[in-house]
Each structure stands twice: as C-alpha cells, then as structure tokens.
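# Residue-level structural notes
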Amino acid sequence: MEEISVEAISQAVNQFYHCPAVRDKAHSWLESFQASREAWQFCWLLLSPDKPLEVQFYGAATLHNKVFKYWHEIAPEDVEKVHNRLMNTILQYSSNPNGRLIATKLCLVLSGVILHTISEKWPDAVSQVIAAFQSCETIAAEERCRLLLEVLTGLTDEFKHANYGVRSGQGSATYLKVMQQFDHIRQLITPLISLEVPEIVQIAALKCMISWNGFGVKLDQLEELLEKTFHCLLNTYESELLVDALVMAFTSHEPSQYPRTIKKYFMEVLKLFPRWQKEFEEENMDWCKDISRLVIGMAEENISLIAKLFVGDEADQQLCLNVVGMILHFTNVKGNFPVDETLSEISFGFWYILQEITQTASAQEHAAHYLKLLTPVYINLVHVLLRKAQYPDDSVYKSMNGDEKEIFRCYRQDIADTIMYAHCILFDNLALLLKSCVMDVTCRLPDVRWQEVESILYILSNVIDVSLSEDEEEWEINEYTDRLTKTPDTKEDIMLVEVINLISKLNLDHEILLISVLQVIGAFSEKYEQKPELLSVVFPIILLKGLNSAETVLFATSALKDICKDNNKLIEPYSDDIISVCHQKISSNTLSSRDAARLFSCVGHVLSTLPQDRIHQWLEKLLPPITYSLHQAASLSPSGPVKLQLMDKIQMLTFLFDSLDVCKYEDKTASHDSQPVQIFSRSF
C-alpha cells in the first residue's frame, strides 16, 4: 500500500467514482486504508469543508466503519474527544445545505458511539445527546430536530444491521440499556407526530417510531403514539409512512398479550371506512390502498385473536364481522384489475388465512359456530370473485400491454385458488352456488356478456375436483342463500348437465371464451361416464372448433386427451370422427410437437376401442409419414435441427404406443403380423 496522504486518498476516491478502468484497484486500496489505524486520523481531515463532497462522504463512511469495526483501537481517555469532535462536525455540516447526506451519515456514527459507551462509560448518553441538540441555537430548529431523530433511529438500526451484539460481545447488556431509553424517546417524538410540525420532522419522527417498534418496545408503551398516528391518518393524504408505522406496531407483537389494545384499534380502523369510501369515489387510490394495507395487515397478523372473538360475546362477533366486511369491500372494489384498480388482490391472503384458522384442531370445538357466521361471508366472496375474474371489454383488453395481461392472468389464478380454499367453509354449498350461477346465465342467454359466462366456466375448470368432492359433513346454507336448494340427484350429474347445456347454447367465436369452454370440458373428463350422451355435444366443440385455431389448439388437445383416456369404453361411436380429424391435423404440419404428440395419445386411446382390422387400417395411414420422416432425417448429417426432428417424431410414437392397447379387452386377439410394431417395421 502506497504512502497514505489526504491527496492519495482523494485521488483514489476520484478514481473509484470516475475511472471505471481502475475502479476495482481503487476500491481495494480504499478498503485497505479503512482497516488501518491511520484512518482514525485521516477521516477527520477528509471531512474538511474544502474537500469535494465525494471525499467528505468517504471520510464519514470511513469514520462509521472505524467506530463499528475497530472501536477497540480507541483509548479510554480518547472517547470523550471523539464524541465532542463528532458532535461539532455534525453541527458544522447541519448548517451546510449541501452537507445533509454527510450529516446524516455522521448521525449514525454518533449512534455507534452511544452503543459502545452506554452500558458503562456513558449511561446517560441518550438524554445528554437530546439535551445537546435541543440547546444548540446555531442551527434551525427543524434541522436540529431532524438530526436528533436520525441519531435515535440509528440506535436500533445500527444495533441490528451492524451486528453490534456479536461484534462487541456486550449485546445483551447494551440492548437492555438502550431499551431503558425509550421513555426519553417517546416523550420526544410524541408531539412531533402531528400535522402541525414541518413534514420533514414528522417523517423523521415516524421513521424513528417504526424503528423502535421493531426493536422490542411493548405495544402498550405505544398507545399515545398510535392515537396520534391515527389522528394524522384521518386528516391527511400523505398516508404511506403513517400506515407503515401502524402496520409495524401491530405486526411486531404477540396479539394474545394485548387483546384489549388490538380490539381498540380494530374499532379505530372501522372509523376510517366512511372516508375510505369517499376517497375511493374521488379516485385517491394511494390513500385507499394504504388504508386497505393497514386493515388487512392488522387482520392477518391478529387472525388468532379474530378467531377467539368470533366465539365471544355478541359485540365481539359483530366487531369481527365488521372488519371482515370491510376487507370484503376492498376485494369488491369496482373496476378491472390491473387497469382501473390494483387494490383488490392484497386481500386474497386474508381469505386463505381466515378459512385456515377455522380448520385448526383448537377450532374444531366451535366449527359449527364458525360456519354459521362465515358461510354467508364466503358466499358473498365467491360472487365478488366471479365478477372480479371477468375480462374487461375487448377494447380495454386489447389496449393492455404484455405485462398487464400476464399480471391479470396471475390475478385470475389467485382468484381461482381463493375460491378453492372457500370450499373449506362452504363444502357442498360451493357446488350449489356455482350451479346456480350456471343456471342463471343460461336463463339470461343471449343477453349475457361473454365475460360473465367465461368467468364462471374458468372458475369451474379450476375448482371442479374440490367442489364436487364428497365431504365428510354437509352444512346447510342458511337464510342468506335459501334460493339454493339441494336435490336428490348427485351433484356431479346436476353440474355436468347444466354446464354442458349452457355450453351448447353459446356462441363460441370468441377465443377466450372457447379456451375456458375447452378447459371445463376437460376438467369434467372423469364425469362423462354418468352422462355419456353429453359427449355428442363435447366432441364437435373440440374437433371442429378447438383444433381449428392456433390460440385454442393447446387446450383442445389437452381436453381431448383427458376425455379419451378417462372414457375409453364410451368413445367408440365417435372413433372415426376423432381419428380422422386428428390425422388431418397431424398431416397439416401446423401443430407444435407437443400438440401433435397429445393427438397421437388420443388416437392410441381411441384405437384401443376398435377391432383389430380397423386398428390395422388406421395405423397403415398414420405410421408411414412418421417413418418416412425418421428415414429422411437419418440420411442427413448429424446436427441440432436433425436431432430435434428425430426427437419430435420419436415422442409422437411414444405417446401413441403408450396409449395403444391392442388387447385391452378379452374379445381381442392379435396375430403376430398385425401387431403395431410389425406395421411400424413394414412402413420403413
């Protein structure tokens, strides 16, 4: 390392910021300098006002590094000198408008000095520093207050982020001593959380409150601060930091220790709802989203307390229902996500957590009570989510960019997952509700927007296995849903018939609607055995509609594969149509290799239902084009494209032979010469 001087350090700093070619070398040199004992002397020289700002900031950073990593190099008799010099330097920079960043960094250094000395040498450090800043009249009161709050915030931040307890070996003693200072700090920041103080001071006070919230301060020590924060929230639009402070307060403590306080502030957030509605109508979305974040964060973090209140007295139950109703309102905001609103999605996690808490072992004693209260809530939720899952108008959707469309796709999947979890509350009622929706739109055809129909079918395709599952217990829908009634027929029969009846009446020219139709048709693949006549509606949609569009062919081939696999004994009447269309599409060479492979799988399942002579006839048509392609590829020089072509064709044959069973039924006997492998060999 070359000789250390202010000039050498300044040059290295300049190279680091402005000379990319030697930046790494300069960085290495500067790090070595910070580790040296000489850095204690030179960092003060680098902080001279006549030095460039970059050099001054490096001097502050070096001093910060020395205090936290190399404090042991300071002799006990020099500690007071370091503190006094540091205070003077902070005050010097505070009067310089260009030195605010450096002054802030030096405040963190002062926080470090306090941490090193508070447990033994300087037990009154916090109160003395507060008094020192408050008595200094050479700088503006606003800046003086801001810097003091930076120091107090730094006590907790630097303790955590600088790993102070591990480095010093005195973590516990220092932590306890710092925690004892909170009364001084609370008295300081309480009057500063007010709309009457300058914004920069209020922001600094809130950041200080947030920092101490996460440091272990008890919730009941914060009540006066919380009340003032709520008051500000009611009377300002600058809500983000206020909400951050409240969320930190309510998510950093064990709720079971403070049930009275949590209940009190649930009532406070309910008072925000009228203004929330007003601000939403006036499109003040930032404020509304912050309030929604606060309410949902409080509810999620205190879900165990909510579960207890649900089985409490009537007032507690109503409080919980009001909070849940407020969150349902957030989910039900008008507009299309993510074009008109981005608020509704933040509530999805809460609906999962709410149903989950009712499934715990400790909740089983009150299961019937939970269901009585929550069934109407979740029925309303499903109706809300069915609406929110709808596509916007075609013109709006076409105007969305690729990222927005992907966000909307993920949003719809989250909706489907949320409705699936609702089954844990609704049980059979979910299937009845969806059936009711299907019947309702069927009755209103053709005066129904395709988006409404598509949303129902999309949700059905995602939750069909759960909603039609056999529940151990069935819970009757109460008076909120008396229009949904049980019937003696199986729910599978009812749902399948109603859905296919709806689909048969739809105009399927819109590709998005057709995709959801194909998805729900495929999702019902295991149910057609109960109503085989419905396949006469299903197959034409797949073969004549789904396979004829590049946008829908993936969904069509997937649906066809599932139906053919799960209904082997029912598809023989449709075999010629299925195989003919599949052969035509495969021969067109317009399909992807995966789509073609799925069609070969369909063909294999269908052929398995036919007599040997018909299997033979179809294989004579299907196999030669593949063997010709394999033969042609084998004659070419090895290359990436050739390898890919060979793999695609082999994959198609794999799918075909994996699904083809020429002796599936006892009445089938196959001669050696008519086995598929022999036909395949002859085709070469």
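Only a predicted model underlies this, so the values are computations on that prediction, with no experimental measurement involved. (Residues numbered from 1 in each chain as written. Predicted model: local features only at pLDDT ≥ 70, side-chain atom pairs only at ≥ 80, totals over all residues. Heavy atoms only, no water.)

Next up on the list: helix H33 (residues 640-659). For H33, spanning 20 residues, the distance from its first C-alpha to its last is 29 Å, which sits close to the expected 28 Å at 1.5 Å a residue. Turning to H33, its buried residues are Val642, Lys649, Met652, Leu653, Phe655, Leu656 and Ser659. The arc that holds every buried residue of H33, seen down its axis, measures 160 degrees, which confines them to one face. The exposed set on the far side of H33, more than 90 degrees from its buried face, consists of Gly640, Lys643, Leu644 and Asp658. (Helix = DSSP H or I, 4+ residues; strand = E, 2+ residues; numbered from the N terminus. Expected span 1.5 Å × (residues − 1). Buried < 20%, exposed > 50% of the residue type's maximum accessible area, 1.4 Å probe, protein only. Arc of directions from axis to C-beta.)

Cis geometry marks the peptide bond from phenylalanine 337 to proline 338; its omega dihedral reads -5 degrees. Checked against the element boundaries, proline 338 lands in the loop between helix H19 (314-331) and helix H20 (348-357). For the bond from leucine 445 to proline 446, the omega torsion is 0 degrees, close enough to zero to count as cis. On the secondary structure map, proline 446 appears in the loop between helix H24 (428-444) and helix H25 (450-467). Even without being glycine, phenylalanine 427 reaches a positive phi, approximately 50 degrees. Turning to its location among the elements, phenylalanine 427 is positioned in the loop between helix H23 (402-426) and H24. One non-glycine residue with positive phi stands out, namely asparagine 589, at about 55 degrees. Locating asparagine 589 in the fold gives a position in the loop between helix H30 (575-587) and helix H31 (593-607).

Okay, the confidence of the model for the chain next. Looking at the chain as a whole, its pLDDT mean stands at 88, while 91% of the residues score no less than 70. A low-confidence stretch, residues 471-488 (pLDDT under 50), is modelled with 31 contacts involving residues beyond four sequence positions or located in other chains. Below a pLDDT of 50 lies the segment residues 665-670, which in the model reaches 15 contacts outside its immediate sequence neighbourhood of four places, other chains included. (pLDDT = per-residue confidence, 0-100. Contact = heavy atoms within 4.5 Å.)

Right, let's get into the side chain of threonine 627. With respect to the helices and strands, the residue threonine 627 is situated in helix H32 (residues 612-634). One polar contact links the side chain of threonine 627 to the main-chain carbonyl oxygen of proline 624, over a distance of 2.9 Å. (Polar contact = N/O pair within 3.5 Å; in protein donor to acceptor, adjacent residues only side chain to side chain.)

Okay, the packing of H19 against H20 next. Packing of H19 against H20 brings their axes to within 10 Å, and their N-to-C directions diverge by 140 degrees. Here H19 lies oblique to H20, going by the angle between them. Here the hand of the crossing between H19 and H20 comes out left-handed. Listed contacts from H20 to Val324, Ile327, Leu328 and Thr331 of H19 are Phe348, Phe350, Trp351 and Leu354. Residue composition of the contact of H19 with H20, by class: seven nonpolar, one polar and no charged. (Axes fitted to C-alpha atoms, helices over the stretch in contact; angles between N-to-C directions. Parallel < 35°, antiparallel > 145°, perpendicular 65-115°, else oblique. Left-handed = near helix turned anticlockwise from the far one by under 90°. Nonpolar A, V, L, I, M, F, W, Y, C, P; charged D, E, K, R; others polar.)

Counting across every chain of the model gives 24 aromatic pairs. Summarising the aromatic geometry, the rings of phenylalanine 348 and tyrosine 411 are spaced 5.5 Å apart at their centres and angled 35 degrees between planes, so their arrangement reads as tilted. In this pair, phenylalanine 348 sits in helix H20 while tyrosine 411 sits in helix H23, placing the two residues 63 residues apart along the sequence. Judged by relative accessible area, which is 1%, tyrosine 411 ranks as buried. Linked through ring pairs, Phe337, Phe348, Tyr391, Tyr397, Phe408, Tyr411 and Trp450 together constitute an aromatic cluster. Sitting over the face of the ring of tyrosine 70, lysine 66 holds its NZ or CZ atom 4.2 Å from the ring centroid. The ring of tryptophan 618 has lysine 621 lying over it, and the distance from NZ or CZ to the ring centre is 4.8 Å. (Phe/Tyr/Trp six-rings, centres within 6.5 Å; stacked < 30°, edge-to-face > 60°. Lys NZ or Arg CZ within 6 Å of the ring centre and 35° of its normal.)

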